[in-house]
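Tertiary structure, described
One-letter residues, chain by chain:
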Amino acid sequence: MQVVSVDIGGTHARFAIAEVAGGRVQSLGEPVTLKTVEFASLQTAWEAFGAQAGPLPRAAAIAVASPVGGELIKLTNNPWVIRPALVKERLNVDDYVLINDFGAVGHAVAQVDDAMFETITGPDLPLPERGIITVCGPGTGLGVAQVLRTASGYHVLETEGGHTDFAPLDSIEDAVLKRLRADHGRVSAERVVSGPGIVGIYRTLAEIEKRDDPRIDDKAIWTRALEGSDSLALAALDRFCLSLGAVAGDLALAQGAKGVVIAGGLGLRLKDHLARSGFAERFAAKGRFRSMMEAIPVKLITHPQPGLFGAAAAFAQEFAK
């Protein structure tokens, strides 16, 4: 069975044709990436993909960066609005699933091969076959989900864990929190541990060093940091990895995880940096639970399109068993 798989984030909407059977994804076609700011709605982006891909299957698997309950879905970092009751009519499909974007990543974590994971910290063992796996990662926002593996299969639990409170752990993070609180009032983990979140870190570090307040966007900071061309941007990246480690550890504690997977739009870009940053120390630094945290395998998912793969996997689990 063929299905159009869609992964809608804050910046991009990705489309691909997937083959599904037996409750699993058999193959995923070449993805097409469209910028959300260039389209008025999911329907018009869907039609643009159809113009490139030819006649589309009458089935859709749609992952969105938003909670998916209710009659109206407003994406968290994207102006599109989706009305589930109109999806069949507007997209000309017979069957569809709507799933949170990190719920989709959870399905990918449950179904992709072990070769698609690299160890960041903890024991270099496969993810557990039983129990909870925490899935989190930074992109335009901070996505969080969990996968429960049992003897009879797996279940994905979608969450909005990225919107829990940010907890500073040293004086520099106190300063980051103070700056962000002045702008936002309440400061969630996503305000720091997300692509745009590096701006607040960078500007705080500039203030500490009594530099002029830099007016620079997150894309430029990420580029300079990953190239190593700006020492302040590199320091902001180091700080970002510390905070990501702390947040991932908190989520693992809260969910009772026996494994953790880092994903998100920035996951692969951080691949070479995470293992040599302070991520591992911050992940394990949970006081009396340090030894337990050190025993948890923490992986990076390296599949190039986990959202698309996972959306198709969610459809397969419901309609192609």
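Structure: above.
If you're wondering where the values come from, they're calculated on a predicted model, not measured in any experiment. (Residues numbered from 1 in each chain as written. Predicted model: local features only at pLDDT ≥ 70, side-chain atom pairs only at ≥ 80, totals over all residues. Heavy atoms only, no water.)

1. Observations regarding the environment of E19
The following threshold applies: Working definition: helices are DSSP H or I runs of at least four residues, strands are E runs of at least two. Numbering for both runs from the N terminus. The contact criterion used is simple: two residues touch if any of their non-hydrogen atoms lie within 4.5 Å. Each polar contact in these results corresponds to two N or O atoms within 3.5 Å; when the atoms are within protein, one needs to be able to donate a hydrogen and the other to accept it, and residues that are neighboring in sequence are counted only if both atoms are side-chain atoms.
Counting through the fold element by element, E19 comes out in strand β2 (residues 12-21). C-alpha separation for the pair E19 and A320, spaced 301 residues apart in sequence, amounts to 9.8 Å. Those residues in contact with E19 that sit more than four places away from it in its chain are M1, Q2, R24, V25, Q26 and S27. Of the polar contacts made by the side chain of E19, one reaches the side chain of Q2; its length is 3.0 Å.

2. Points about the pattern of salt bridges
Just so we agree on the cut-off: Here, a salt bridge means any side-chain nitrogen of Lys or Arg that lies within 4 Å of a carboxyl oxygen of Asp or Glu. Burial classes: relative accessible area under 20% of the type maximum marks a residue as buried, over 50% as exposed, and values in between as partly exposed (1.4 Å probe, protein chains only).
Enumeration over the complete set of coordinates arrives at 16 salt bridges. For R58, the salt bridge identified is with D94, shortest N-O distance 3.0 Å. Here R58, found in the loop between α1 (42-53) and β5 (59-64), pairs with D94, found in the loop between α2 (87-91) and β8 (95-100); they are 36 residues apart in sequence, far enough to count as distant. The exposure class of R58 is partly exposed, given its relative accessible area of 40%. With a relative accessible area of 38%, D94 lands in the partly exposed category. Note that D213 is salt-bridged to R215, the shortest N-O span being 3.5 Å. A relative accessible area of 35% places D213 in the partly exposed class. The class for R215 is exposed, based on a relative accessible area of 70%. One salt-bridge network, in which partners are shared between bridges, spans D170, E173, R239 and R282.

3. Quick look at the sheet that holds strand β11 (residues 142-150)
Our working definition: At least two bridges found by DSSP between two strands is the condition for calling them paired. To get an axis, fit a line to the C-alpha atoms, keeping to the stretch in contact for a helix; angles then go from 0 to 180 degrees between the N-to-C directions.
If you walk across this open sheet you meet the 6 strands as β9-β14-β13-β10-β11-β12, and the pairing is mixed. The open sheet terminates on both sides in strands that have one partner only, identified here as β9 (117-121) and β12 (153-159). The sheet shows a mean angle of 30° between the axes of neighbouring strands, direction not considered. Running over the sheet, helix α3 (residues 101-111) touches β9, β10 (131-138), β11, β12, β13 (257-262) and β14 (298-301) and is turned about 40° from β11.

By themselves, these are just geometric observations and shouldn't be taken as functional.
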